[in-house]
Amino acid sequence: MATTLTLQNTITWATTILHNQPLLVNNQEPSLTCGNIVLQRILGSPFRWRFNRKALTIPISSAAGTDYQVSVPDLGRMEKMWLKDSSANINALTGEVELAAVSAPGRPTVIAPVYDDNQGNITFRFNFKPNANYTAYIDYQAKAALIAAPSSPWGVVPDEFSYIYDLGFLSFSSYLVGDARFPIWEQYFISSLLGAQDGLDEQAVSIFLGDRKSVV
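What you are looking at is a predicted structure, and each value in this text was computed from that prediction instead of being measured.

Asker: Any chance you could break down the overall build of the protein for me, citing the residues and the numbers?
Answerer: Helix and strand content of the protein: five helices and eleven strands. For the protein, the spread of C-alpha atoms along the three principal axes comes to 65 × 35 × 30 Å. Of all 216 residues assigned to the protein, the portion counted as buried reaches 44%. Long-range pairs, those at least 24 residues apart, make up 71% of the contacts in the protein with a sequence separation of at least 6. Counting only carbon and sulfur atoms, one obtains 52% of the accessible surface of the protein, whose full area is about 11,600 Å².

Asker: Kindly report on the sheet that holds strand β6 (residues 90-95), identifying the contributing residues and their values.
Answerer: In space, the seven strands of this open sheet follow the order β3-β11-β5-β6-β8-β9-β4, with mixed pairing throughout. Every other strand in the sheet has two partners, leaving β3 (53-60) and β4 (67-71) as the edge strands with one partner each. On average, adjacent strands in this sheet sit at an angle of 30° to one another, irrespective of strand direction. As defined by bridge partners, β3 adjoins strand β11 (residues 134-142) across eight bridges and the pair is classed as antiparallel. By the bridge assignment for β11, Ile-58 is matched with Ala-136.

Asker: Describe the side chain of Ser-192, naming the residues involved and giving the relevant values.
Answerer: Structurally, Ser-192 is set in helix α4 (residues 182-195). You can call Ser-192 buried: its relative accessible area is 14%. At a separation of 2.8 Å, a polar atom in the side chain of Ser-192 contacts the main-chain carbonyl oxygen of Tyr-188.

Asker: Lay out the packing of aromatic side chains in plain terms, naming residues and giving numbers.
Answerer: One pass over the full model with this rule turns up eight aromatic pairs. With 4.9 Å between their ring centres and 55° between their planes, Tyr-175 and Phe-182 make a pair best called tilted. For the ring pair Trp-185 and Tyr-188, a centre distance of 6.2 Å and an interplane angle of 45° mean the geometry is tilted. With a gap of three residues between them, Trp-185 and Tyr-188 both fall in helix α4, about one helical turn apart. Given a relative accessible area of 15%, Trp-185 falls into the buried group.

Analysis parameters
- Residues numbered from 1 in each chain as written.
- Predicted model: local features only at pLDDT ≥ 70, side-chain atom pairs only at ≥ 80, totals over all residues.
- Heavy atoms only, no water.
- Helix = DSSP H or I, 4+ residues; strand = E, 2+ residues; numbered from the N terminus.
- Buried < 20%, exposed > 50% of the residue type's maximum accessible area, 1.4 Å probe, protein only.
- Contact = heavy atoms within 4.5 Å.
- Areas by Shrake-Rupley, 256 points an atom, 1.4 Å probe, with all protein chains shown as cover.
- Pairing = 2+ DSSP bridges.
- Axes fitted to C-alpha atoms, helices over the stretch in contact; angles between N-to-C directions.
- Polar contact = N/O pair within 3.5 Å; in protein donor to acceptor, adjacent residues only side chain to side chain.
- Phe/Tyr/Trp six-rings, centres within 6.5 Å; stacked < 30°, edge-to-face > 60°.

Scope: geometric values only; no functional claims are made or implied.
In structure tokens, the structure reads:
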């Protein structure tokens, strides 16, 4: 999947629809911030994309204990986690937001990213001190790398999903310039975003729609 379209492509398109209202007024704003809001919304929770999925592994042992600092500067949120022992047996891990420190030994069943030093290093904690050598595997969604200039591409989002970020950008821009069609573009954006996510459960969709309704 190619990623070639830039924020400027979207700005040019949206400006035409908004009757040539200027969208690059001061220091590339408000277009730059609008673009980053849309990108962060697309790549943020609860949405999951195969093009934004990454993986990491963490060797763990009894000697090392429960906490492991790993360099993962783009960690957004964990998706699936599992544990493999020295005999290649695999057991599922569940994820939490936080875990208390423990000293009890056992096969870990829960993992949490408990600390972030803001230098790209994440400390992962397991709910048991490993009773043997294991390797933890984590699939995660990467957080959005901010767009730096109109000439920048739309992050990792492939061109085939340009209709989503185009509609999102048009929605925010039309609101800023007082275009009465704002609700139309917003509805198109939301429906397009949800329509591209066939893996979301009903609860995740309801929470997302509930959050949107609470701010309009």
